[in-house]
Amino acid sequence: MKKTLVVLLVSLWSSAVAASNIEDIRFAELPNQSFEVRLSFDDAPPEPQGYTIESPARIVLDFPDVVSELDEKRYPLAFDNGKSAMVLTSGDRTRLILNLEHLATYKASVDGNAYVIEVGSTDPGAAGSKQVSATAKAVSTQSSSDGRAVTAVDFRRGESGEGRIIVDLSNTSIGANMRDTAEGLQVRFRNTHLPSELRRRLDVIDFATPVSIISAENDNGDAVLDVTAKGNYDYLAYQTDNTYVISVKPLTEAEKAQKEREFEYTGSRLSFNFQDIEVRAVLQIIADFTELNLVASDTVQGRITLRLDNVPWDQALDMVLKTKGLDKRQVGNVLMVAPAAEIAERERQELSTKRQLEELAPLRTEYIRISYASAEEVFNIAMGGESASRGDSQGGSYSLLSDRGHAVVDTRTNSIIVTDTADRVTEFKRLLQEIDVPIKQVMIEARLVIANKDFREELGVRWGGVGASLGDDAMFEVGGSTAALDSSPGSPFDFIYGGGSMDLNENMMVDMGIQNPVGSIAFGLLTDNTYLDLELSAMEYNGYAEIVSQPKVITGDKQQATISTGSEIPYQEASASGATAASFKEVVLELDVTPQITPDNNIIMDLAIKKDLLAEFNQEFAVPIIDITRVNTKVLVSDGQTIVLGGIFEMQQLTGVDKVPFLGDIPYLGRLFRRDTVSSEKSELLVFITPRIMADELTE
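From a predicted model like this one, the values you see are computed outputs, not experimental measurements. (Residues numbered from 1 in each chain as written. Predicted model: local features only at pLDDT ≥ 70, side-chain atom pairs only at ≥ 80, totals over all residues. Heavy atoms only, no water.)

Draft legend 1. Representation of unusual backbone geometry within the structure. We note that Lys-558 has phi near 65°; this positive angle belongs to a residue other than glycine. Position of Lys-558 relative to the elements: it lies in the loop between strand 33 (552-556) and strand 34 (561-574). Even without being glycine, Asn-601 reaches a positive phi, approximately 65°. Since its relative accessible area comes to 36%, Asn-601 is described here as partly exposed. (Helix = DSSP H or I, 4+ residues; strand = E, 2+ residues; numbered from the N terminus. Buried < 20%, exposed > 50% of the residue type's maximum accessible area, 1.4 Å probe, protein only.)

Structure (structure tokens):
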């Protein structure tokens, strides 16, 4: 018995002597968001066994045969990535637990009797780092056994100033949930691992896009991206294979206005989460948020439960008011809230009071002179009907005058005489001042150019002769006509055989000469019994003509103007009774235009241009034939810009040959038996229009 007790005491003493003790623990901050934990032992520290946990982020180290002699078990940490440290002794081991914001690598080393852990170490050669990396990888594989992970997060700026967030995924089956937040957007990838090197905060404000900050972190096994965006923007998210893209683009003024029309609430966004709160307290919170002065009626009572996340404040206010049957009125920066029925009754009383005051207000008469417009037309606009211009103030669909008021128009002086209360007369005068303004004037210049070019070339030949062969028993005669064969005085025969003068036109065998030759050349051969005559004639004509018509007209904005010049052609026309009467047909150049000046000083013109020319008289019916040119169009032109409205180009080419059959086809010699004609006619019409807005000084 004594021997057994001695052995037990020796064993306990040996164990107590072999165990190490933790005497002190210290913490120190290191650069690059890392920190140091130093454990002081009473002897050389043993090698611990460690592991890490992804969520919640922890580093756990177990020291065997170590006892903690520290006074406390939990130590709060004030580092960027450190939450707290815990030292717990259980049985024959002591466990060190480091609670972190997010998981990080660490490096462990022995310094004398101290064991040093550097959390956030980036030394890839440290044994501890290798061990932790392998452990973190194992934990990551365990948390996403199907390989669902985010492999890269990138940011780029698009050509239109949009910010593009590009997320590379390890699996095409990974889906994303996107929602709006008070700061911008949040994208959550369910059951997806985010590696520690991607858990960071990107500051992209220098890219000049709506996106300013991108934060990536893990949240209960999900990868979460928080996108902070500023200003007015719109976003689009789409996934292509393993790439998920979020495009956040700024809105143009037109897109912003369109979005405001589609969504009537434009206030700053806020979030509410209240359980059974007084309505007055909610109204006070909204007033403080918007910096508005709040006036709540005594009848505003009740409590409300609401949870609103990232909604405009004016939408939140409307929801609260509709839920409790309330309504609001805002005057300047003062917001009044009361039950809807109470506000309606108050406004009805105010309207009734105003009407009573108007019925008792004294009448006044004013004489209003109209400067630029027609007093009757302006009065019709102000009173809403034609009957009002005759003094009936109730004639139109609406009236600026009260039931007691009336007005008349003095067309002789272009004035309006109004009798009504002072407020109604002032309102009437204000409207007339807006209407009675000079309108802008436009000068329209039209230029019609008709260019003609003609060319004509003719070449012809005439030749003839007479001859006789006399013998003892017979005579053979040749002539251009039968007149050349007779022996009458003056005939070619008589000329040859002792006669006098000879008519050359009677001996033409071939007459292919032109009618109006510009030049000609003749040859003749005369013997004792033969006469031969040859004449060549030619003509070449070139002509060019340009006819320019340039009508101009000045008119007011939206006022039709017409300018016309020309003549009337008389002709005889038979009536139904069979008698004839003189009728006239117009041949004019006319410009008809109605301009409209746009707000950006462009001009819309409704144009009608007409140009007529007398071609000839029809001899059979004795009526004139008119060549007409018409242009009808509507165009938009800048001030002072010249445009071509239309052009007509005509070209006619004629080639003619007159010849004697068979003889005219003989090579070379056939030239003596034909006449050649070549003609070409070209005509082109161009219409130019130049509008100019007259200077304002001319209309004031």
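Following the structure, the description resumes.
Draft legend 2. Structural context of the sheet that holds strand 37 (residues 623-638). Strand order across the open sheet formed by four strands is 34-35-36-37, with antiparallel pairing between neighbours. Single-partner strands in this sheet number two, and they are strand 34 and strand 37. Within this sheet the neighbouring strands show an average axis-to-axis angle of 15°, counted without direction. Pairing analysis gives 14 bridges linking strand 34 to strand 35 (residues 580-597), with the strands arranged antiparallel. Bridge pairing links Ile-563 to Leu-591 in strand 35. (Pairing = 2+ DSSP bridges. Axes fitted to C-alpha atoms, helices over the stretch in contact; angles between N-to-C directions.)

Draft legend 3. Spatial organisation of the sheet that holds strand 4 (residues 58-64). Judged by pairing direction, the sheet is antiparallel, and its five strands sit side by side in the order 3-4-8-7-6 without closing on themselves. The sheet is open, and its two edges are formed by strand 3 (49-53) and strand 6 (74-76), each paired on a single side. Between one strand axis and the next, the sheet turns by 15° as a mean value, whatever way the strands run. Direction of pairing for strand 7 (residues 82-90) relative to strand 8 (residues 93-100): antiparallel, over a ladder of eight bridges.

Draft legend 4. Quick peek at the side chain of Arg-188. Mapped onto the secondary structure, Arg-188 falls in strand 14 (residues 184-189). At 3.1 Å, the side chain of Arg-188 and the side chain of Asp-219 are in polar contact. Look past the residues within four positions of Arg-188 in its chain and what remains in contact with it is Gly-175, Ala-176, Asn-177, Asp-219, Asp-222, Ala-223 and Val-224. (Polar contact = N/O pair within 3.5 Å; in protein donor to acceptor, adjacent residues only side chain to side chain. Contact = heavy atoms within 4.5 Å.)

Draft legend 5. Inspection of the environment of Leu-270 at higher detail. Position of Leu-270 relative to the elements: it lies in strand 20 (residues 269-278). For Leu-270, a relative accessible area of 8% puts it in the buried group. Leu-270 sits 40 residues away from Asn-310 along the chain, and the two C-alpha atoms are 5.0 Å apart. With residues near it in sequence (within four places) discarded, Leu-270 still touches Phe-289, Leu-308, Asp-309, Asn-310, Val-311, Trp-313 and Ala-316.

Draft legend 6. Examining the pattern of salt bridges more closely. Tallying each qualifying case throughout the model produces 28 salt bridges. A salt bridge links Arg-93 to Asp-62, with the shortest nitrogen-to-oxygen separation between them at 3.2 Å. Placement of Arg-93 in strand 8 and of Asp-62 in strand 4 is noted, with a sequence separation of 31 residues between them. For Arg-93, a relative accessible area of 37% corresponds to the partly exposed category. What makes Asp-62 buried here is its relative accessible area of 12%. (Salt bridge = Lys/Arg side-chain N within 4 Å of Asp/Glu carboxyl O.)

Draft legend 7. The packing of aromatic side chains, seen in detail. Across all of its chains, the model carries eight aromatic pairs by this definition. For the pair Phe-35 and Phe-79, a centre-to-centre distance of 4.9 Å together with 15° between the ring planes defines the contact as stacked. Of this pair, Phe-35 sits in strand 2 (residues 34-41) while Phe-79 sits in the loop between strand 6 and strand 7, and the two are 44 residues apart along the sequence. Note on Phe-272 and Phe-274: the rings are 5.5 Å apart at their centroids and 45° apart in plane angle, and the pair reads as tilted. Note on Phe-272: relative accessible area 5%, which makes it buried. An aromatic cluster is defined as three or more aromatic residues linked by ring pairs; in this entry it consists of Phe-41, Phe-63 and Tyr-115. (Phe/Tyr/Trp six-rings, centres within 6.5 Å; stacked < 30°, edge-to-face > 60°.)

Draft legend 8. Layout of the pairing of strand 24 (residues 334-339). Bridge count between strand 21 (residues 293-296) and strand 24: four bridges; the pairing is parallel. Residue pairing in the sheet places Val-295 in a bridge with Met-336 of strand 24. Pairing between strand 23 (residues 326-331) and strand 24: six bridges, direction antiparallel. Opposite Lys-328, over in strand 24, you have Val-337 as the bridge partner. Hairpin connection, strand 23 to strand 24: the antiparallel pair is bridged by two residues, and Gly-332 has positive phi, about 65°.

Draft legend 9. Summary view of the nonpolar core. Ranked by size, the top nonpolar core spans 25 residues in total, and within it Ile-25, Leu-39, Phe-63, Leu-96, Leu-98, Ile-117 and Val-119 carry the most contacts. Where this core is concerned, the elements lending two or more residues are strand 1 (20-30), strand 2, strand 4, strand 7, strand 8 and strand 10 (114-119). Per-element tally for this core: the top contributor is strand 2, with four residues. Aside from chain neighbours lying at most four places away, what touches Leu-39 is Ile-22, Asp-24, Ile-25, Phe-63, Leu-96, Asn-113, Ala-114 and Tyr-115. (Core = buried A, V, L, I, M, F, W, Y, C linked by side-chain atoms within 4.5 Å.)

Draft legend 10. Focus on the confidence of the model for the protein. Summarising the model, the protein shows a mean pLDDT of 78, and 83% of its residues fall at 70 or more. For the stretch residues 1-17, pLDDT sits under 50, and the model shows zero contacts to residues farther than four places along the chain or on other chains. Low pLDDT, under 50, characterises residues 122-145; the predicted model gives this stretch 24 contacts beyond four residues in sequence or across chains. (pLDDT = per-residue confidence, 0-100.)

Draft legend 11. Seen up close, a negative patch on the surface. A cluster of acidic side chains, namely Glu-23, Asp-42, Asp-43 and Glu-69, defines a negative patch on the protein surface. Here Glu-69 is to be found in the loop between strand 5 (66-68) and strand 6. (Patch = residues over 30% accessible without salt bridge, like charges linked within 9 Å, V, L, I, M, F, W, Y side chains within 5 Å. Areas by Shrake-Rupley, 256 points an atom, 1.4 Å probe, with all protein chains shown as cover. Lys, Arg positive; Asp, Glu negative; His and termini not counted. Charge placed at Lys NZ, Arg CZ, Asp CG, Glu CD.)

Draft legend 12. Highlighting helix 5 (residues 313-323). Looking at helix 5, one finds that the buried residues are Trp-313, Asp-314, Ala-316, Leu-317, Asp-318, Val-320 and Leu-321. Residues of helix 5 that are buried make contact with strand 20, helix 4 (279-290), strand 22 (303-312), strand 23 and strand 24. Just downstream of helix 5, Gly-325 is the residue with a positive phi angle, here 70°.

Draft legend 13. Focus on the packing of helix 4 against helix 5. Following both chains from N to C, one finds helix 4 and helix 5 inclined at 165°, their axes separated by 11 Å at the closest point. The pairing of helix 4 with helix 5 is recorded here as roughly antiparallel in orientation. The way helix 4 lies across helix 5 gives a crossing that is left-handed. Only Trp-313, Leu-317, Val-320 and Leu-321 of helix 5 make contact with helix 4, whose side of the interface consists of Val-279, Val-282, Leu-283, Ile-286, Phe-289 and Thr-290. Split by residue class, the contact of helix 4 with helix 5 holds nine nonpolar, one polar and no charged. (Parallel < 35°, antiparallel > 145°, perpendicular 65-115°, else oblique. Left-handed = near helix turned anticlockwise from the far one by under 90°. Nonpolar A, V, L, I, M, F, W, Y, C, P; charged D, E, K, R; others polar.)

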